[in-house]
Amino acid sequence: MTSSAASPPRPFVVGIIGGGQLARMLYEVSIGLGVEVHLLAEGPDVSAAGVVHEVTVGDYTDPATVRAFAADCDVVTFDHEHVPGDLLRELEAAGVVVRPGSAALRHAQDKAVMRERLNAKGVACPAYRVVADVAALVAFGDEQGWPVIAKTSRGGYDGHGVWKVASAADAAEPFTDLAPGVQIVAEEFVDFQRELSAIVARSPSGQAVAYPVSESVQRDGVCVETVTPAPGLDPEQAVAAELLALTIAHELEVVGLLAVELMQRRDGSVVVNELAMRPHNTGHWTLGGAHTSQFDNHLRAVLDLPLGDPAARAPWTVMANVLGGTVEDLPSALLHCYARDRRLRVQLYGKSVRPGRKVGHVTAYGDDLATTLKRARHAAAYLMGDADA
Ligand code: ADP
């Protein structure tokens, strides 16, 4: 008897660090790809820990925990960008396959590093300066004109760690409680007309695909809605934004998803806000809305499989986030949403409802923007308890 008959081949293991909804949606795709997912979760109750079989609960900043987790994985990828760079470099030196790799990921982890690199490449960005203290921030504001934006270089998310500083009198706030190793990046305040997102996937062998550019609407630093394609975006600008994202992915040798968050100025020109190297909220519309979702293409890239078609299925796709409201039993609320709209897609994250927390999203697609917007907004409002019928 051959040994292969006695013991089936070990499945290919993808390790995901971070157990939020992105990991949960990656897991959904991994089932169809026939790979096994191991999850390093922050706690037993996080979104993905409720569905993945192989869960380690542990601290992703603890070297021993991450080393032990990675030892069982063929490749390691992420739900967030907060694993310390030193630790990732140590894993890579020990032969662990980390995708995206630490050298690329630095640009999504540290806004000062990202600004420096993009500027050096001639990519349009807001005017910026790394400021060491309050006086330097005030000097930057006096030169640029107030208000200015101040951001922590690391650790920010959903608008935490971003301040609109109105005048010199407010310049001290960003510097209070600054964690060790974190810098303040001062930026010109861009009076943008809207925010855009260009998402691409790139595989280790260099194949890359670009999703259509989306418009994203943020409220209080949190994405509430995306519309794809971005309405009224000049086709040449759309192609330029896709090309920009592909170029950045190539230059930084990103493996997996890259989301380039853009701000469109009132004169129509665009500047880069920031980079994310993982599935992104502005790409959630691709689940059901594109031929190949961002989660599918992220995993395909990580596995170095051919990437799938990123094209949208319908002329318009609208994604609306469901933020925790007064509805606690979200699965029961589906009865109403699906009865009302059979072409709606709802994705629930299995999280307990807390005010403002991202607990799911809805996606509507159709031929007419106004109707599609209305359908998505209504369903999200219903799931948040803001609409009765
Ligand atoms: P986070 O890492 O929390 O997502 P971002 O850098 O994306 O932080 O900033 C959050 C939001 O703040 C952006 O989506 C945008 O609305 C606003 N913002 C960021 N930078 C600027 C800027 N230079 N000018 C104007 N608004 C900005």
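Check the entry above for the structure.
As a starting point, this report considers the structure included with it. Computed from a predicted structure; not experimentally measured. Residue indices follow the written sequence of each chain, beginning from 1 at its first position. Where totals are concerned, whole chains, interfaces and linings use all residues; where local detail is concerned, this predicted model gives features only for residues with pLDDT of at least 70, and gives and counts side-chain atom pairs only at 80 or more. Remark: hydrogens and water are excluded; side-chain values derive from all non-hydrogen atoms of the structure.

## Structural notes on the packing of helix 4 (residues 85-93) against helix 5 (residues 102-109)
When two helices pack together, their arrangement is given by the angle between the helix axes and the distance between those axes.
Point 1. Axis definition: a line fitted to C-alpha atoms, limited for helices to the stretch in contact. Angles are taken between N-to-C directions and run from 0 to 180 degrees. Helix and strand definitions here come from DSSP, where helices need a minimum of 4 consecutive H or I residues and strands a minimum of 2 consecutive E residues; each element is numbered from the N-terminal end. The N-to-C vectors of helix 4 and helix 5 enclose an angle of 170 degrees; their axes lie 10 Å apart at closest approach. Considered as vectors, helix 4 and helix 5 are oriented roughly antiparallel to each other. Contacts from Gly 85, Leu 88, Arg 89 and Glu 92 in helix 4 reach Ser 102, Leu 105, Arg 106 and Gln 109 in helix 5.
Point 2. Amino acids outside the nonpolar list (Ala, Val, Leu, Ile, Met, Phe, Trp, Tyr, Cys, Pro) and the charged list (Asp, Glu, Lys, Arg) are all regarded as polar, and Gly is one of them. Its residues assigned to classes, the contact of helix 4 with helix 5 comprises 2 nonpolar, 3 polar and 3 charged. Here is the rule for angles: anything less than 35 degrees is roughly parallel, anything more than 145 is roughly antiparallel, 65 through 115 is roughly perpendicular, and the remaining ranges are oblique. The criterion used for residue contact is that any of the two residues' heavy atoms lie within 4.5 Å.

## Overview of the layout of surface pockets
To find leftover empty space, one rolls a probe the size of a water molecule over the atoms.
Point 1. Every definition here rests on a 1 Å grid over the protein atoms only: cavities are sets of points where a 1.4 Å probe fits but cannot get out, pockets are open sets enclosed by protein on both sides within 12 Å along at least five of seven lines, and lining residues have some atom within 4 Å of a point. Grid points are joined across faces, edges and corners, and a volume is the space filled by probe spheres set on the points. There is about 270 Å³ of room inside the second largest pocket.
Point 2. Arg 219, Val 224, Asn 321, Leu 323 and Met 384 are the residues nearest the centre of the second largest pocket, which is lined by 14 residues in total.
Point 3. Of all elements in the fold, only strand 11 (214-219), strand 12 (222-228), strand 15 (316-323) and helix 12 (369-384) reach the threshold of two or more residues within the lining of the second largest pocket.
Point 4. Per-element tally for the lining of the second largest pocket: the top contributor is helix 12, with 4 residues.
Point 5. Of the residues assigned to the lining of the second largest pocket, the class counts are 8 nonpolar, 2 polar and 4 charged.

## Some remarks on the site of the ligand
Point 1. Being near a molecule or strand, for a residue, means having at least one of its heavy atoms within 4 Å of it. Residues in close proximity to the ligand total 19 residues, the closest being Lys 111, Gly 159, Val 190, Glu 195 and Glu 274.
Point 2. Polar contacts here mean pairs of N or O atoms no more than 3.5 Å apart (in protein, one a potential hydrogen donor and the other a potential acceptor; neighbouring residues in sequence count only if both atoms are side-chain atoms). Here Lys 111 contributes a side-chain N or O atom positioned 2.8 Å from an oxygen atom of the ligand.
Point 3. A distance of 2.9 Å separates a nitrogen atom of the ligand from a polar atom in the side chain of Glu 187.
Point 4. Calculation of accessible area relied on Shrake-Rupley with a 1.4 Å probe; when residues are assessed, cover is drawn exclusively from the protein chains displayed. Isolated, the ligand exposes 550 Å² of accessible area, and the fraction of that covered by the protein chains is 90%.
Point 5. Elements with a contribution of two residues or more to the shell around the ligand: strand 6 (148-152), strand 8 (184-188), strand 9 (192-202), strand 13 (256-265) and strand 14 (270-276).
Point 6. Its residues assigned to classes, the shell around the ligand shows 7 nonpolar, 4 polar and 8 charged.

From the geometry alone we can't say anything about function, so treat these as descriptive.
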